[in-house]
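Tertiary structure, described
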Amino acid sequence: MIVVTGATGNVGQPLVRALVGAGEQVTAVSRKISPQDVPTGVRHQQADLARPESLAPTLDGAEVLFLLTSGDFVAAGGNVGDVLDVAKAGGIRRIVLLSSQGVATGSHPSTLEDPLTQSDFEWTLLRPGGFDSNTLQWSEMVRTQRMVTAPFGDVALPTIDPADIAEVAAAVLLDAGHVGKAYVLTGPEPISPRRQAMAIGDVLGEPVQFVEQSRAEARAQMLQFMPEPIVESTLDILGKPKAAEQQVSPDVERLLGRSPRTFAEWAERNIAAFK
């Protein structure tokens, strides 16, 4: 049995489907979850990692845990150590943690990783860069105005399709040979916000105007849904990325045996959100 937290999100949903497709028994866990969120017959339960004790009932019969912590978990002062205590008591032996590329480059603190890597669990770290799906925040503006506003319009980063993260997570969860390893996950090429807007326009068949925000404007907007420390470090990466944060990692291709999907492929698959 594999327990997947964050099971209703951009990574969690395709991950659950991939594991079920591989014949695994899965418990899908999220703060809000319904039968419609999971494949037919999949066990699903509500839990909030900010209240670690709520995770305990979901662990019955499981030995492997996919751990995804949200920005809300961080904002609420969530303690990964408390989550790990519950996991250990519930019989979990192996944990795959969704972290971030910024930990590998030193742009983000390692506070989520350290309690796990210093524990007795068998662990694997997945460190993705920016998600292609972050551009869904543009969807209403594109639908109503055919316009995108974002900071640092010409700074390119190798953002990744969440479906690729899910496939990598499934591969790692299904094979204990990845214990003790950390993988950086990126897309196939760096792409700037301006080019992302153009790609969306190409799939729509209509031009999408790009309007560049100042850092202050972007910060004010991001503070509405992200904790301040994460906002600042994210803006640093978006505006003045380190060389390593602009490099394409080979790990997705090594693990999946194919190149990562392009942003244009992600946009075509999700274009209904922008129409």
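Residues numbered from 1 in each chain as written. Predicted model: local features only at pLDDT ≥ 70, side-chain atom pairs only at ≥ 80, totals over all residues. Heavy atoms only, no water.

**Looking at the pairing of strand β7 (residues 147-151)**
Burial within β7 is extensive, with 5 of its 5 residues counted as buried. Side chains Met-147, Thr-149 and Pro-151 of β7 all project onto a buried face; the interleaved residues Val-148 and Ala-150 project onto the opposite face, where all are buried too. Of the pairings in the sheet, the one linking β7 to strand β9 (residues 209-213) comprises 5 bridges and is parallel in character. Residue pairing for β9: Thr-149 is matched across the bridge by Val-211. (Buried < 20%, exposed > 50% of the residue type's maximum accessible area, 1.4 Å probe, protein only. Helix = DSSP H or I, 4+ residues; strand = E, 2+ residues; numbered from the N terminus. Pairing = 2+ DSSP bridges.)

**Examining the sheet that holds strand β6 (residues 122-128)**
Spatially, β3-β2-β1-β4-β5-β6-β8 is the arrangement adopted by the 7 strands of the open sheet, whose pairing is parallel. The open sheet is flanked by β3 (43-46) and β8 (182-185), the only strands paired with a single partner. With strand direction ignored, the average angle separating the axes of adjacent strands in the sheet is 15°. Direction of pairing for strand β1 (residues 2-5) relative to strand β4 (residues 64-68): parallel, over a ladder of 3 bridges. By the bridge assignment, Val-4 is partnered in β4 with Phe-66. Along the sheet face, helix α1 (residues 12-21) touches β1, β2 (26-30) and β4 and points at about 165° away from the line of β1. (Axes fitted to C-alpha atoms, helices over the stretch in contact; angles between N-to-C directions. Contact = heavy atoms within 4.5 Å.)

**Section: the packing of α1 against helix α7 (residues 162-173)**
Close contact between α1 and α7 brings their axes to 8 Å; oriented N to C, the two are set at 45°. In terms of orientation, α1 lies oblique with respect to α7. Two packed elements cross with a definite hand, and for α1 against α7 that hand is right-handed. Across from Pro-14, Leu-15, Ala-18 and Leu-19 in α1, the residues of α7 making contact are Ala-166, Ala-169, Ala-170 and Leu-173. (Parallel < 35°, antiparallel > 145°, perpendicular 65-115°, else oblique. Left-handed = near helix turned anticlockwise from the far one by under 90°.)

**Digging into the packing of helix α9 (residues 215-222) against helix α10 (residues 228-239)**
Relative to each other, α9 and α10 sit at 145°, their axes nearing to 10 Å. Crossing angle aside, the handedness with which α9 passes α10 is right-handed. Judged by residue contacts, Arg-215, Ala-218, Arg-219 and Met-222 of α9 engage Glu-228, Val-231, Glu-232, Thr-234, Leu-235 and Asp-236 from α10. For the contact of α9 with α10, the class distribution of residues is 4 nonpolar, 1 polar and 5 charged. (Nonpolar A, V, L, I, M, F, W, Y, C, P; charged D, E, K, R; others polar.)

**Some details on helix α3 (residues 80-89)**
Among all positions of α3, only Val-80, Gly-81, Val-83, Leu-84, Val-86 and Ala-87 are buried. Gly-91 occupies a position one or two residues after α3 and carries a positive phi of about 95°.

**Describing the nonpolar core**
In terms of nonpolar packing, the biggest core is built from 28 residues, with Val-4, Leu-15, Leu-19, Phe-66, Leu-126, Leu-173 and Leu-185 touching the most fellow members. Counting only elements with at least two residues in this core, the list comes to β1, α1, β2, β4, β5 (94-98), α7 and β8. (Core = buried A, V, L, I, M, F, W, Y, C linked by side-chain atoms within 4.5 Å.)

**Considerations on the packing of aromatic side chains**
All told, the structure shown has 2 aromatic pairs when counted by the stated rule. Geometrically, the ring pair formed by Trp-266 and Phe-274 is edge-to-face, given 6.2 Å between the ring centres and 75° between the ring planes. The two residues Trp-266 and Phe-274 agree in class, both being buried. Pairwise contacts between aromatic rings join Phe-263, Trp-266 and Phe-274 into one cluster. (Phe/Tyr/Trp six-rings, centres within 6.5 Å; stacked < 30°, edge-to-face > 60°.)

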